[in-house]
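Take a look at the letters that make up each chain.
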Amino acid sequence: MPSTTAPNAPQTENSPTNPSPPQRTRTYSWQDPLIGAGAVPGLSGLEYLRGMARGEYPPPPIGQTLGFTIGSAEDVQEGQVTFRLRPEEFHYNPIGSVHGGVYATLLDSALGCAIHTMLPAGVGYTTLDLAVKYLRPLRLGMGEVRAAASVISVSRQVATASAQIIDDAGKVYATATTTCLVMRPSRTPQPKASQEKQP
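Residues numbered from 1 in each chain as written. Predicted model: local features only at pLDDT ≥ 70, side-chain atom pairs only at ≥ 80, totals over all residues. Heavy atoms only, no water.

Turning to the overall build of the protein chain, a few remarks are in order. Secondary structure summary: the protein chain contains 4 helices and 7 strands in total. Going through the 199 residues of the protein chain one by one, you find that 33% of them count as buried. Relative to all contacts within the protein chain whose residues are 6 or more apart in sequence, the contacts with residues 24 or more apart total 66%. Taken as a whole, the protein chain presents about 12900 Å² of accessible surface, with 52% of it coming from carbon and sulfur. (Helix = DSSP H or I, 4+ residues; strand = E, 2+ residues; numbered from the N terminus. Buried < 20%, exposed > 50% of the residue type's maximum accessible area, 1.4 Å probe, protein only. Contact = heavy atoms within 4.5 Å. Areas by Shrake-Rupley, 256 points an atom, 1.4 Å probe, with all protein chains shown as cover.)

In structure tokens, the structure reads:
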């Protein structure tokens, strides 16, 4: 009579197994983001971002988290900023391509920074809306892509910009536009000169 094994019996050394796929790990570091934030009030947006590109101020931690950066000082011009990213496996969604949130974060960063280059010292901004059009998938092994942003207009309270994610061949993977609220210091009312009373 052939021997049988109970369904829940522990596997022996000769039992067939389904090996688990190897685990991936990733380690990264970042610097205190408040170091750069502390310098912002005294610098124009263009001065601050060029200083960051030169390594004088730490990059934002989100750049280390997702692996994107301003490549060099040449990537920061008045009204224009370019961020660079190499698609990696840790960017992937469940269906095997870079997650749309990575596109959106990369584009939002480039758009906001392009607007920042147009702002004087002491003036801030925040995103009001971001519209992204996804055109092609980003995948592992395709090399570096760029998010290139350009300012459309800046008024006292509102700024707009547009951007594209492109590869070295000029192929477009996504486009985006943004509207940002420009936050200027409130004006301090000047005291009125006292009027002399006439007799």
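Right, let's get into helix H2 (residues 45-53). Buried within H2 we find Gly 45, Leu 46, Tyr 48, Leu 49, Gly 51 and Met 52. In the core, the buried residues of H2 are packed alongside helix H1 (33-39), strand E2 (76-77), strand E3 (80-85) and helix H4 (100-116). Following H2 by one or two positions, Gly 55 has its phi on the positive side, about 90 degrees.

In total, this model carries 4 aromatic pairs according to the counting rule given. Here Tyr 28 and Trp 30 contribute two aromatic rings whose centre-to-centre distance is 5.7 Å and whose plane-to-plane angle is 40 degrees, an arrangement assigned as tilted. Exposure remark for Tyr 28: the relative accessible area of 34% places this residue in the partly exposed category. Ring centres of Tyr 48 and Tyr 57 lie 5.5 Å apart, and the angle between their planes is 40 degrees; on these two criteria the pair is classed as tilted. (Phe/Tyr/Trp six-rings, centres within 6.5 Å; stacked < 30°, edge-to-face > 60°.)

Okay, the pairing of E3 next. For a regular strand, side-chain orientation follows a simple rule: the groups alternate between the two sheet faces. Pairing between strand E1 (residues 68-69) and E3: 2 bridges, direction antiparallel. If you follow Thr 69 over to E3, its bridge partner there is Arg 84. Adjacent in sequence and paired antiparallel, E2 and E3 are bridged by 2 residues, among which Gly 79 carries a positive phi angle near 85 degrees. (Pairing = 2+ DSSP bridges.)

The next thing to look at is the nonpolar core. Grouped together as the largest cluster of nonpolar side chains are 41 residues, with contacts concentrated most on Leu 49, Val 81, Phe 83, Leu 106, Leu 107 and Ile 165. Among the secondary structure elements, those contributing two or more residues to this core are H2, E3, H4, strand E5 (145-154), strand E6 (158-166) and strand E7 (172-183). In terms of residue count, the dominant contributor to this core is H4 (10 residues). (Core = buried A, V, L, I, M, F, W, Y, C linked by side-chain atoms within 4.5 Å.)

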